[in-house]
Amino acid sequence: GDDAAALFGNLRVPASLFAGASAGAAFAMPIGASESFRHGLVKRVYAVLMMGSLASQILAVVVATLAMGSITTSRNTKAASLAEYLHDNLDLEWSTARLHFLSGILLFVVGSGLRAWVSIACPVIALASLGIISSTTLLAFAFISKVEVGAGGGIFKLAKNYLKLFMGQARKSPLFAMAFMCSAITCMYIAYQSPNIIGQTMANAPM
C-alpha cells in the first residue's frame, strides 16, 4: 500500500507544478485583431495546447490524490506484487494518472516551442529555439516509450488500455459517460471548426 501511494505521489507533485505553469501560460499570448497568418494560427494552436496541458495535469493531480486516499483506507493488501495490487484495485486510476501526466507534459513542451518560435524577434534564434524544443520533445517521447515498454507495454498501449478501462467504467457510471461524451464532442467541434479558424486567421492577416 505504501509503495503504491508513493507511485501516485511521484506523479502528483510534478503534475501540480506543470498545472500551475500551464495555467499561467495559457493566456500569455492573446489573439489580436490584426496579425500575420503565422502568428494568428500559432496563437490559436498554442491556446488549445496549453488548455489541454492544464486539463490533463489537473486530472492527474485529482486522480492521484484520490487514489492515495483510497490506498490509505483500503484493507486489500494481499497482492503478491505492487503491479498486481495496482491492476486489481487501481487499474483505471493508475492508467489515467500516468497517461494524462505524460500527455500534459508533451502538450506543454510543444506549446512552449511554438511560443518561442513566434515570440523571438530574431528568426535565427526563433528557429533554433524551435529546434531545441523539438529535439527535447522527441527525446522525452523516446524515454516515455522506453519506460512504458519496460513496464510491459508502450505509450500507445497505455492509451489503448486507458480508453478500454474508461469505456468500461462509462457503461456503469452516468458521470463517466457524460465526461466521455463531453470530451468526444469537444474534439469533434475543434476538428469541425478548424477550416473556419484557418479562414478567419487568414482574413484577419494584414494584406
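Residues numbered from 1 in each chain as written. Predicted model: local features only at pLDDT ≥ 70, side-chain atom pairs only at ≥ 80, totals over all residues. Heavy atoms only, no water.

1. Quick notes on the nonpolar core
Alright, step 1. By size, the foremost hydrophobic cluster in this structure holds 29 residues, and its most contacted members are Phe8, Ile71, Tyr85, Leu86, Leu90, Phe101 and Leu102.
Alright, step 2. Contributions of two or more residues to this core are made by α1 (2-25), α2 (37-73), α3 (82-89), α4 (91-119) and α6 (155-170).
Alright, step 3. Ranked by residues supplied to this core, first place goes to α4 with nine residues.
Alright, step 4. Contacts of leucine 90, omitting those with residues within four sequence positions, involve Phe8, Ala67, Ser70, Ile71 and Tyr85.
Alright, step 5. Judged by nonpolar contacts, the second largest core, of ten residues, contains Met29, Met50, Phe108 and Leu114. (Core = buried A, V, L, I, M, F, W, Y, C linked by side-chain atoms within 4.5 Å. Buried < 20%, exposed > 50% of the residue type's maximum accessible area, 1.4 Å probe, protein only. Helix = DSSP H or I, 4+ residues; strand = E, 2+ residues; numbered from the N terminus. Contact = heavy atoms within 4.5 Å.)

2. A short note on the side chain of histidine 100
Alright, step 1. Inspection of the secondary structure assignment puts histidine 100 in helix α4.
Alright, step 2. Within polar-contact distance, the side chain of histidine 100 engages the side chain of tyrosine 162 at 3.2 Å.
Alright, step 3. Contact partners of histidine 100, with chain neighbours within four places excluded, come to Ser56, Gln57, Leu59, Ala60 and Tyr162. (Polar contact = N/O pair within 3.5 Å; in protein donor to acceptor, adjacent residues only side chain to side chain.)

3. Details of a nonpolar patch on the surface
Alright, step 1. Taken together, the side chains of Phe37, Ile198 and Met202 present a nonpolar region at the surface, about 270 Å² in accessible area.
Alright, step 2. Along the chain, the position of methionine 202 falls in helix α7 (residues 174-204). (Patch = residues over 30% accessible without salt bridge, like charges linked within 9 Å, V, L, I, M, F, W, Y side chains within 5 Å. Areas by Shrake-Rupley, 256 points an atom, 1.4 Å probe, with all protein chains shown as cover. Salt bridge = Lys/Arg side-chain N within 4 Å of Asp/Glu carboxyl O.)

4. Thoughts on the environment of asparagine 89
Alright, step 1. Here asparagine 89 lies in helix α3.
Alright, step 2. In this structure asparagine 89 comes out as partly exposed when scored by relative accessible area, which is 28%.
Alright, step 3. Taking the C-alpha atoms as reference points, asparagine 89 and threonine 201, 112 residues apart in sequence, are found 48 Å from one another.
Alright, step 4. From its side chain, asparagine 89 meets the backbone oxygen of tyrosine 85 in a polar contact 2.9 Å long.

5. Some words on the packing of α4 against α6
Alright, step 1. Two elements in contact, α4 and α6, have axes whose closest approach is 9 Å; the angle formed by their N-to-C orientations is 130 degrees. Relative to α6, α4 is oriented oblique. The crossing of α4 and α6 is left-handed. From α4, Asp91, Leu92, Ser95, Thr96, Arg98, Leu99, His100 and Leu102 reach across to α6, where they touch Ile155, Leu158, Ala159, Asn161, Tyr162, Leu165, Phe166 and Gln169.
Alright, step 2. Here the contact of α4 with α6 is built from residues that sort into nine nonpolar, five polar and two charged. (Axes fitted to C-alpha atoms, helices over the stretch in contact; angles between N-to-C directions. Parallel < 35°, antiparallel > 145°, perpendicular 65-115°, else oblique. Left-handed = near helix turned anticlockwise from the far one by under 90°. Nonpolar A, V, L, I, M, F, W, Y, C, P; charged D, E, K, R; others polar.)

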